[in-house]
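An overview of the molecular structure
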Amino acid sequence: MNLFSDIRTLVISCLEAMVRTGVLPEGLDFAQVAVEPPRDAAHGDMATNAAMVLAKPAGQKPREIADALAALLQADPRIAAAEVAGPGFLNLRLAPSVWHGIIDAALGAGLGFGRSDMGQGLRVNVEFVSANPTGPMHVGHVRGAVVGDALCNLLAFAGYDVTREYYINDGGAQVDVLARSAYERYREAHGLSPEIAEGLYPGEYLIEVGEALKAEFGAQFLEQPESVWLEQVRNFATARMMVMIREDLAALGVTMDVYASEKALYGTGEIEAAIEQLRGQGLIYQGVLEPPKGKTPEDWEPREQTLFRSTAHGDDVDRPIMKSDGSWTYFAPDIAYHYNKIKRDFDLLIDIFGADHGGYVKRMKAAVSALSGGRVPLDIKLIQLVKLYKNGEPFKMSKRAGTFVTLRDVVEEVGADVTRFVMLTRKNDATLDFDFDKVLEQSKDNPVFYVQYANARAASVLRKARDLGLDISDAALAKAELAQLDHEAELALMRKLAEWPRIVELAARTQEPHRVAAYLSELAAEFHGLWNRGNDLPALRFVQEGDMATTAAKLALVRATGVAISAGLAILGVTPVEEMR
RNA sequence: GCACCCGUAGCUCAGCUGGAUAGAGCGCUGCCCUCCGAAGGCAGAGGUCAGGGGUUCGAAUCCCUUCGGGUGCGCCA
């Protein structure tokens with residue numbers, strides 16, 4: 001149930017009635033008519049811009065339209081008052097019973113409260129994380145993982161059919177480097193001293209891979225040329241890295257549906273097929289690129305390459321797909337991979353990249369546009385940097401200084417729930433400060449604590465009521481006499497609850513899970529506010545000893561709030577707590 | 001040089017994809033706990049929405065432009 005779309009439907013039907021009776025001319029477009037919560041609560045419960053939007057096309061004054069619309073709307077039992085204000089806004093005040101309905105909806109739906117069918121089962125593929133399989137996940141990967149996972153939860157909640165996918169970059173030079181690094185650790189496991197040359201991965205996490213290589217292959221690779229062992233060591237090491245990465249992701253609460261391998265695209269003809277598809281459109285040619293202006297590499301020399309005419313689909317320059325030695329660039333398998341996703345019949349593709357990959361957005365979109373004939377949209381979300389702070393001081397990650405921060409470090413220090421929530425408090429294209437101390441602070445300026453505390457308070461009130469002998473099951477609370485909830489402070493909380501289904505759709509449409517976190521903070525503030533009003537006005541306290549009927553109604557509101565918070569936290573992938581420690 | 005992102009209160013940031021007097025937290029000022037719901041609450045000060053132009057009944061939001069910050073820019077992934 002979404003009250004705002006319900007009332008919008010009502011407004012539209014009134015407008016259509018006005019067209020039928022000749023009050024409005026025919027042929028008007030109502031698409032721009034919106035029903036929204038007003039910025040200032042004093043203006044009422046909802047506001048519509050209908051009169052202002054239609055004034056010009058209808059050739060009438062906004063206030064005339066608004067007056068006529070108000071008269072019609074007031075005939076509906078849900079509308080308690082409709083007033084024209086300002087330049088032509090129509091402010092609506094709803095009957096209290098309408099708000100009580102939101103409590104029924106929450107109690108009835110439980111964790112499904114706010115679920116939407118907006119997505120209509122459209123198939124969405126979300127590719128995220130896709131960290132190179134050369135080491136454990138570090139803090140730089142965390143935000144992308146959390147945002148991607150929460151976005152998937154959100155889209156699923158809004159009625160999309162979501163596939164979570166991880167693209168394993170196991171086809172390039174970096175996995176050869178991994179193999180050579182692991183080989184040195186393999187030698188180390190045999191009692192030889194490893195030679196970690198410049199450019200190899202020095203991380204100690206490879207020591208156990210060396211041990212495992214020894215257990216698997218014994219001494220057969222010792223003193224052998226690379227050509228003998230490279231492929232087997234590479235396959236072994238990347239497999240181990242992927243196990244580690246899956247465990248890292250699991251520690252964050254992220255589970256992928258599909259792990260797609262870059263290497264698996266080679267030798268199957270998939271890359272060639274994708275390129276041929278482009279060639280058939282005249283988008284592949286041999287050519288020479290201009291040197292980049294202002295920052296010409298010293299060793300620049302004109303070179304003929306195989307290029308993809310990405311400029312035909314909105315890119316700034318054409319892009320090479322083949323190196324001078326005839327092997328594919330990174331871009332070629334990436335094109336094939338996206339072609340593969342298109343052929344798997346997704347309606348929408350979403351890629352989540354680190355901000356440093358911003359330069360690939362246009363070419364990737366160009367490729368998908370060309371390969372799908374413009375049918376499949378590709379949205380790319382760039383995740384900005386996370387700045388780390390400790391004791392209020394920024395600290396930089398450095399392998400040399402030993403301040404390399406892994407995903408595990410973060411999760412072990414502050415917990416997966418706190419990590420996830422904090423990573424979702426900012427929109428993805430803004431940098432985010434992560435202070436190891438502040439995120440654990442138990443105070444009002446820590447949104448994680450504030451939201452969790454609201455949920456715990458709600459649970460605590462219900463526990464108290466249960467100890468007094470009340471039946472606090474949702475079924476029992478649903479029968480409460482909600483008409484008693486008529487105080488302005490209580491109505492304000494109900495209004496906030498009514499926004500939840502709307503927030504879900506808004507966040508899903510804009511693909512911005514941080515809106516859920518922001519909403520939860522607002523809802524928590526409203527709930528804490530009502531609680532605090534109980535200090536001055538005992539009548540607003542939730543448990544009214546000696547008046548079980550009133551208490552039941554108030555508890556229904558409390559429970560509905562807890563349900564909304566829990567449903568929201570579920571989208572963020574955060575466990576709601578019932579008790580503060 | 002070009003492309004993308006960002007610029008909102010002293011600080012950190014929201015701002016509903018064009019609506020009414022631009023919001024929150026922190027910080028600051030002033031009140032409020034012998035007890036009953038203060039890990040808090042109430043009130044107040046604080047803004048050229050980076051600057052300029054445009055579209056519109058209406059702009060922080062859309063377009064153009066200037067300035068400032070970040071990221072990226074052929075044979076790395």
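Notes on the structure follow. (Residues numbered from 1 in each chain as written. Chains lettered and ligands numbered in written order. Predicted model: local features only at pLDDT ≥ 70, side-chain atom pairs only at ≥ 80, totals over all residues. Heavy atoms only, no water.)

Where charged atoms from two side chains of opposite charge approach closely, those side chains can pair. Taken as a whole, this structure holds 26 salt bridges when the rule is applied. A salt bridge links E413 to K390; the nearest nitrogen and oxygen atoms lie 3.7 Å apart. Of this pair, E413 sits in helix α12 (residues 407-414) while K390 sits in strand β13 (residues 386-390), and the two are 23 residues apart along the sequence. On the basis of relative accessibility, which here comes to 39%, the residue E413 falls in the partly exposed class. What makes K390 partly exposed here is its relative accessible area of 32%. Among the charged side chains, a network of salt bridges with common partners joins D45, E488 and R495. (Salt bridge = Lys/Arg side-chain N within 4 Å of Asp/Glu carboxyl O. Helix = DSSP H or I, 4+ residues; strand = E, 2+ residues; numbered from the N terminus. Buried < 20%, exposed > 50% of the residue type's maximum accessible area, 1.4 Å probe, protein only.)

Axis separation between helix α10 (residues 331-343) and helix α11 (residues 361-371) bottoms out at 10 Å; the angle between their running directions is 45°. Considering the angle they form, α10 stands oblique to α11. For the element pair α10 and α11, the recorded crossing hand is right-handed. Along the contact surface, α10 presents F331, D334, I335, H338, Y339 and I342, while α11 presents R363, M364, A367, V368 and L371. Tallied by class, the residues present in the contact of α10 with α11 amount to eight nonpolar, one polar and two charged. (Axes fitted to C-alpha atoms, helices over the stretch in contact; angles between N-to-C directions. Parallel < 35°, antiparallel > 145°, perpendicular 65-115°, else oblique. Left-handed = near helix turned anticlockwise from the far one by under 90°. Contact = heavy atoms within 4.5 Å. Nonpolar A, V, L, I, M, F, W, Y, C, P; charged D, E, K, R; others polar.)

Counting 138 residues, the largest nonpolar core has L15, I103, F434 and W500 as its most contacted members. Element by element, the count of residues in this core is highest for helix α19 (residues 548-572), at 14 residues. Setting aside anything within four residues of it in sequence, one finds L15 in contact with L24, F30, V33, A50, L54 and L69. Within the second largest apolar cluster, 32 residues are counted, among which are A260, I271, L349 and A366. (Core = buried A, V, L, I, M, F, W, Y, C linked by side-chain atoms within 4.5 Å.)

Right, let's talk about the packing of helix α5 (residues 139-157) against α19 for a bit. Their axes nearest at 7 Å, the elements α5 and α19 cross at an angle of 125°. As judged from the angle between their axes, α5 and α19 are oblique. On the side of α5, the interface is formed by A150, N153, L154 and F157, while α19 contributes A570, I571 and L572. Split by residue class, the contact of α5 with α19 holds six nonpolar, one polar and no charged.

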